[in-house]
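Read off the chains here:
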Amino acid sequence: MNMAEKYSERRARLTDTMDGDYCIVIKASSSKPTSADGMYHYTPSRNLFYLSGIDQGNSTLIMWRLKGREAMECLYISPYDEAYAKWYGTVLTKEQAQESSGIEDIRFAGGEDKFLDKLVSRERLEKFYFDWHNCGMSGVPGKRLQYVNRFKMVYPGLAVQSISNRIFSLRMIKDEAEIETMKGAIELTRKGFEAAVKKLAPGMNEREFEAELLYEWAKEGEKQPAFSAIVAGGNRATCLHYVGNNADLSDGELLLIDHGAMKDLYCADISRTIPVNGRYTARQRELMEMVLEIQAKAMELLRPGKLHREWNDQVLEAYKEIMLRRGEIKEPEDITNFYYHGIGHHLGLDTHDENVSDIPIAPGMVFTIEPGFYSAEEGIGIRIEDDVLVGETENTVLSAGFPRTPDEIEVLMAGK
Ligand code: GLY
Ligand code: MN
Ligand code: MN
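This write-up is about the structure you can find in this document. Given the structure is predicted, the values throughout are model-derived calculations rather than measurements. (Residues numbered from 1 in each chain as written. Chains lettered and ligands numbered in written order. Predicted model: local features only at pLDDT ≥ 70, side-chain atom pairs only at ≥ 80, totals over all residues. Heavy atoms only, no water.)

## Observations regarding the site of ligand 1
Inference 1: Neighbouring ligand 1 are the residues F227, D258, D269, H345, H352, E370 and E385.
Inference 2: In the environment of ligand 1, an oxygen atom lies 3.1 Å from a nitrogen or oxygen atom belonging to the side chain of D269.
Inference 3: Its free accessible area being 190 Å², ligand 1 has 90% of it covered by the protein chains.
Inference 4: Of the residues in the shell around ligand 1, the class split is one nonpolar, two polar and four charged. (Near = heavy atom within 4 Å. Polar contact = N/O pair within 3.5 Å; in protein donor to acceptor, adjacent residues only side chain to side chain. Areas by Shrake-Rupley, 256 points an atom, 1.4 Å probe, with all protein chains shown as cover. Nonpolar A, V, L, I, M, F, W, Y, C, P; charged D, E, K, R; others polar.)

Structure representation (C-alpha cells):
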C-alpha cells in the first residue's frame, strides 16, 4: 500500500465512525509572528498530515456526506503565486497534492467559506465537526479556533463539535509504516548521541553538546528536532524541563540528555544519563541500577487492557517498594522528593502524542518509559527513557540499539 492509499484508508476509518450526514473541516495550522514581518518556524498540523500527508499551510481538508449519499472529500490548497514563490518558494501543484494525499478533488484556497455556506444554506446540513487545538481559558485562541468561533457566530443554530478526539484515537494505534518511520527517528537520535558523546570531555559546554546532536541530525536530513533537547549537567538535571543548556560540564558529574530527532514529522524521545568523564562513581552506578530496575518493572507492567493512569499508578507503587528496599527512602510518600513526574506518554507525530485518556492501552501503541531519580542535595539527576511498542503478548523496545546501562555507556565512552 503506498502512502496515498494509506491516507485514504485513514480518512475512511474516520468517516466510517460518523452517523448520518456530516461535514468535517480540518484546517492547516498557521505560523505565529515573531514581530511585524517575522515568523516562527511553521509547524504542520499533525491531524491534517495524518489524514492527507499535507504539511503545507493554508490547506483545508473537507469531508462530508449528504442525505445518506456516499461520503465526499476535497482539499483546498494555496494556488501557485509567482511573487510568493520568489520570496518563500513554491507550493504543491494540484497534481502533486492529488498524488500525495489520494484526494481526487483538489481546489484552490479561497473558496472554503463559500463551500461551507452552500452546505448550510442549500443543502441544509446541520452537523459540523472541526479540528482545533484547545488553548485553555488563559491561552490565546489560535487561528483554527478563531475560525470555528466565527462559524458558530455566523450559524448559531448549528451543531458544531470537535472531531479532534476521533482523530487522536486513530493516531494512538501506529501502523507498520509509522513504526518504521519512528525507528528511523530513533536511529537518527542514536547517531547524534554517539557523535556528541565522542566530543564530550570535562569543560565542554552543554550548548556544544546540543550543537553536535543537531549537526548530526541535520547532516542526515532533519533540520528540526522533535523538541528542544535537554542537556543538563550536575544539579541542573533535577529541573525536568531544563533547556538553558548553557553551562560548562565538570569532571565527576553526570550529564542527563533528553533528546529526540524527528523523521518525516515522527518523533523519538530518549533520555540517557552519562558520566562527563566516562566513568560512573560507585554511587552514580548504584542510582543508575535503581532507575534501570524500575524501568524494567515499568516495561513488565505496560500491558494491554489497563488505562494509562493505572499503569502510572502501578509503577509508582513498585518504585516506592524498590526505593524502600534499597534504603533510598524511609517512608513511601518520601518518593516525591526524588521522583516527580509520570512514567511515560504516547509518542508519535507529537512528542507527547495526542491521545484519549479513557482508551485502554492496546497493541500498536507506542509509549515512552522514563523513570528518573532527582536529588538536588547530591547534585544528581538521572532519567533513562526508552520508546516502546506495545504488543499482544510482549512489548518491543524500539530504542534497544541505544547504549543504556552503565557498562554499555562506559564501553561507548572508552572507545571514543
Ligand atoms: N522530553 C520530554 C519528555 O521526555 O517527556
Ligand atoms: Mn524525553
Ligand atoms: Mn518523554
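The structure having been displayed, the exposition proceeds.
## Notes on the coordination of the manganese ion (ligand 3)
Inference 1: Coordination sphere of the manganese ion (ligand 3), protein contribution only: D269 (OD), H345 (NE2), E370 (OE) and E385 (OE), at 2.0 to 2.2 Å.
Inference 2: One can describe the site at the manganese ion (ligand 3) as irregular: its six donor atoms subtend angles covering 51 to 158° at the metal.
Inference 3: On the primary sequence, the residues serving as donors to the manganese ion (ligand 3) are separated as D-x75-H-x24-E-x14-E.
Inference 4: Between the manganese ion (ligand 3) and the manganese ion (ligand 2), a spacing of 3.2 Å is present, and a bridge between the two is formed by D269. Of the two residues, H345 is situated in the loop between helix 11 (308-325) and strand 14 (366-369) and E370 in the loop between strand 14 and strand 15 (372-375); the sequence distance between them amounts to 25 residues. (Donors = N, O, S within 2.8 Å, 3.2 Å for Na, K, Ca; no water. Tetrahedral: all angles 85-135°; square planar, octahedral: opposite > 155°, others 65-115°. Helix = DSSP H or I, 4+ residues; strand = E, 2+ residues; numbered from the N terminus.)

## Here we look at the coordination of the manganese ion (ligand 2)
Inference 1: Within the protein, D258 (OD), D258 (OD), D269 (OD) and E385 (OE) serve as the donor atoms for the manganese ion (ligand 2), at 2.0 to 2.5 Å.
Inference 2: Around the manganese ion (ligand 2), the six donor atoms are arranged such that angles at the metal cover 56 to 170°; this shape is classified as irregular.
Inference 3: Sequence spacing of the donors to the manganese ion (ligand 2): D-x10-D-x115-E.
Inference 4: A residue is classified by how much of its surface remains accessible, and D269, at 3% relative accessible area, is buried. (Buried < 20%, exposed > 50% of the residue type's maximum accessible area, 1.4 Å probe, protein only.)

## A word on the side chain of R383
Inference 1: On the secondary structure map, R383 appears in strand 16 (residues 380-383).
Inference 2: In terms of polar contacts, R383 uses its side chain to reach the side chain of D258, at 3.0 Å.
Inference 3: At a separation of 2.8 Å, a polar atom in the side chain of R383 contacts the side chain of Y374.
Inference 4: Those residues in contact with R383 that lie beyond four places of it in its chain are I230, L240, L256, D258, S271, R272, T273, H341, E370, P371, G372 and Y374. (Contact = heavy atoms within 4.5 Å.)

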